[in-house]
Amino acid sequence: MIRGLIKTMRPKQWVKNGFVFIPLLFDIKLFKPNYLLPTMAGFMLWCMIAGSVYIINDLAGAEKDRLHPKKRHRPIPSGQLPKSTALAAAVLIPLVTLPLAALIAPLFSAILAGYLVLQIAYSFWLKQVVILDVMIIATGYVLRVASGVPLVDAERFSPWMYVFTTVLALFLALGKRRGELVLLKENADSHRSSLQDYNLPLLDEMMSIVTASILITYAFYTFSAPNLPTNHTMMLTIPFVLYGVFRYLYLIHSQGVTAAPDEIALSDRPLQATVILWGLSVIIVMYSPG
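A. Examining helix 7 (residues 106–124) more closely. With 19 residues, helix 7 should reach 27 Å at 1.5 Å per residue; the first-to-last C-alpha distance of 27 Å fits that figure. Buried positions along helix 7 lie against helix 3 (33–60), helix 6 (83–104), helix 8 (132–152) and helix 9 (159–184).

Structure follows, in structure tokens:
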């Protein structure tokens with residue numbers, strides 16, 4: 001039962017909670033323990049609150065998940081985890097997590113609470129509303145970034161990073177919907193009613209728009225943010241973002257990969273190498289003396 005509860009909380013998807021570290025990194029406070037430690041604690045609290053959201057999502061969609069080729073093996077749809085136990089955990093975790101978050105930063109706790117309310121609405125209603133569903137998914141990423149700001153008392157965090165995060169999150173959300181549509185095919189609408197309103201040409205066109213937006217907004221950030229080197233060396237990190245986006249498009253279009261973006265990030269070595277190299281290049285450019 002405990003194993004089933006942990007599996008339902010989706011530890012593999014906690015990688016997306018790493019977005020909370022973005023303000024720490026880009027406000028040049030990565031190596032300051034008084035900011036690093038609260039952000040690490042914030043990451044763990046995000047994992048807990050996101051885990052409770054996954055439990056709620058599985059409780060709400062258990063019946064339809066039993067018809068899904070992959071999701072039917074999850075603990076709640078398969079019967080491994082009793083619904084009563086899952087419901088108790090979904091209630092208890094936020095009751096513990098939110099007060100702990102308030103001890104770190106009240107605004108951080110408020111953002112977590114807002115995320116929880118939004119995701120509950122998503123699980124029971126908004127995920128069935130076409131277009132709005134992917135925007136809600138994207139909002140979750142942006143809230144992760146926003147929650148990191150009070151943890152580090154960010155002073156020079158560029159608004160362009162919020163815009164970049166938004167379009168990147170939309171790109172990932174659309175990719176997730178595309179994967180579901182390809183995987184489920186004619187049975188898509190029986191799993192999620194909003195999928196009947198999507199089709200591959202529409203999703204591909206929307207992804208083309210946000211792909212261009214990703215590159216433009218990140219490029220604007222690299223030469224307009226107030227805390228970057230005046231010699232514009234941050235622009236040297238653009239190729240890593242470009243390759244990462246192209247690599248993801250290659251996987252879903254040429255290789256037919258239908259897994260969720262976070263699952264792809266945990267399995268594709270070139271994509272992992274790109275993220276690591278991008279992070280190292282950002283640190284070298286922003287943290288080098290002079």
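The structure having been displayed, the exposition proceeds.
B. Up close: the packing of helix 9 against helix 12 (residues 238–253). Running from N to C, helix 9 and helix 12 cross one another at 10°; their axes reach a closest spacing of 11 Å. The angle between helix 9 and helix 12 places the two elements in the roughly parallel class. Side by side, helix 9 and helix 12 meet where Phe164, Phe171, Leu172, Gly175, Lys176 and Arg178 of the first sit next to Val241, Val245, Tyr248, Leu249, Ile252 and His253 of the second. Partitioning the contact of helix 9 with helix 12 into residue classes produces eight nonpolar, two polar and two charged.

C. How the structure looks around the environment of Leu25. Tracing the backbone shows Leu25 in helix 2 (residues 22–26). Take Leu25: its relative accessible area is 12%, and that puts it in the buried class. Spatially, the C-alpha atom of Leu25 lies 24 Å from that of Tyr248, the residues being 223 residues apart in sequence. In this structure Leu25 touches Leu30, Val282, Ile283, Met286 and Tyr287, once residues within four positions along its chain are discounted.

D. Representation of a nonpolar patch on the surface within the structure. Among the surface-exposed residues, Leu87, Val91, Leu92, Leu95, Val96, Leu100 and Leu103 lie close enough to one another that they form a single nonpolar patch of about 700 Å² accessible area. Structurally, Leu100 can be placed in helix 6. For Leu100, a relative accessible area of 41% gives the class partly exposed.

E. Representation of the nonpolar core in the model. Judged by nonpolar contacts, the single largest core of 87 residues is most densely connected at Phe26, Phe171, Tyr221 and Met234. Among the elements that make up this core, the one with the highest residue count is helix 9 (twelve residues). When residues no more than four places from it in sequence are discounted, the contact partners of Tyr221 are Phe26, Ser158, Trp160, Met161, Asn227, Leu228, Met234 and Met286.

F. Main features of the pattern of salt bridges. With the rule as written, the count across this model stands at seven salt bridges. Put simply, Arg74 and Asp58 hold a salt bridge, and the shortest N to O gap is 3.2 Å. Taken as a pair, Arg74 in the loop between helix 4 (62–65) and helix 5 (75–78) and Asp58 in helix 3 lie far apart in primary sequence, 16 residues in all. The salt bridge involving Arg178 is made with Asp204; its shortest N-O contact spans 2.7 Å. Taken together, the positions of Arg178 in helix 9 and Asp204 in helix 11 (residues 200–224) put the pair 26 residues apart, joining distant regions of the chain. Residue Asp204 is classed as partly exposed on the basis of its relative accessible area, which comes to 22%. Through salt bridges that share partners, Arg10, Asp58 and Arg74 make up one connected network.

Reading the values: rules and limits
- Residues numbered from 1 in each chain as written.
- Predicted model: local features only at pLDDT ≥ 70, side-chain atom pairs only at ≥ 80, totals over all residues.
- Heavy atoms only, no water.
- Helix = DSSP H or I, 4+ residues; strand = E, 2+ residues; numbered from the N terminus.
- Expected span 1.5 Å × (residues − 1).
- Contact = heavy atoms within 4.5 Å.
- Axes fitted to C-alpha atoms, helices over the stretch in contact; angles between N-to-C directions.
- Parallel < 35°, antiparallel > 145°, perpendicular 65-115°, else oblique.
- Nonpolar A, V, L, I, M, F, W, Y, C, P; charged D, E, K, R; others polar.
- Buried < 20%, exposed > 50% of the residue type's maximum accessible area, 1.4 Å probe, protein only.
- Patch = residues over 30% accessible without salt bridge, like charges linked within 9 Å, V, L, I, M, F, W, Y side chains within 5 Å.
- Areas by Shrake-Rupley, 256 points an atom, 1.4 Å probe, with all protein chains shown as cover.
- Salt bridge = Lys/Arg side-chain N within 4 Å of Asp/Glu carboxyl O.
- Core = buried A, V, L, I, M, F, W, Y, C linked by side-chain atoms within 4.5 Å.

Read these as geometric descriptors, not functional statements.
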